[in-house]
Amino acid sequence: MVDEFAGDGAAEEELTEYTSETPATAAAPVVRRTASTSGQGLGRRKEAIARVRIVPGTGLWKINGRTLDGYFPNKVHQQLVNDPFKVLELDGAYDVVARIDGGGISGQAGALRLGVARALNAADQENNRATLKKAGFLTRDARATERKKAGLKKARKAPQYSKR
């Protein structure tokens, strides 16, 4: 009975040679792409419109004459706007100059993200387009506010019912 358990231990030792991890020698070197040309793009979201120009640089943001954290103090909006650069691994490779009009903060951030993605697409279409498209950054969010209907207070809100 003791011999049977000894055989199982040898089988366990053989299994430890197999692993799901990739050996360190097989790891592909990370090739960081560099910014080569400039590009421009127009982004829209809700009522906001963003005109974006990117030029090779050090990652400086100018939005209506202010810095990124000065214009968007909310970290969520900053992350949303930076997503196209993160997906393409181009953090700090471009300077961004943008003019934004209309809408609220969330709509402006969405418009700026679309504008940046379109500008990156224009700068190097054959390398950037597939990645941006797969991440969904080149698609315009067409949702807009519904119009007000007659007899209602808003698009769907009815006045309060009164029995008497």
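Summary of the structure given here. (Residues numbered from 1 in each chain as written. Predicted model: local features only at pLDDT ≥ 70, side-chain atom pairs only at ≥ 80, totals over all residues. Heavy atoms only, no water.)

**With respect to the side chain of Gln78**
As a reminder of what qualifies: Secondary structure elements follow DSSP: runs of H or I no shorter than four residues count as helices, runs of E no shorter than two count as strands, and numbering proceeds from the N terminus. Note on contacts: a residue pair is in contact if any heavy atoms of the two residues lie within 4.5 Å.
Position of Gln78 among the secondary structure elements: in helix α3 (residues 75-87). Excluding residues within four positions of it along the chain, Gln78 makes contact with Leu68, Asp69, Phe72 and Pro73.

**Topic: the pairing of strand β4 (residues 94-101)**
The test is simple: Following DSSP output, two strands are said to pair if at least two bridges run between them.
For strand β2 (residues 48-56) and β4, the ladder comprises eight bridges, and the chain directions are antiparallel. Note on β4: the bridge partner recorded for Val52 is Ala98. In the sheet, strand β3 (residues 61-63) pairs with β4 via three bridges, with the strands oriented parallel. Bridging from a neighbouring strand, Ile63 pairs with Ala98 of β4.

**Observations concerning the pattern of salt bridges**
This is how the line gets drawn: One side-chain nitrogen of Lys or Arg within 4 Å of one carboxyl oxygen of Asp or Glu is enough to make a salt bridge. Categorising residues by exposure relies on relative accessible area from a 1.4 Å probe, with only protein chains included: less than 20% of the type maximum marks a residue as buried, more than 50% marks it as exposed, and the intermediate range marks it as partly exposed.
The final tally for this structure, using the stated rule, is five salt bridges. Linking Arg143 and Asp141 is a salt bridge whose minimum nitrogen-to-oxygen distance equals 2.8 Å. Residue class for Asp141 comes out partly exposed when judged on its relative accessible area of 25%. Within this structure, Arg45, Asp141 and Arg143 form a network of salt bridges that share partners.

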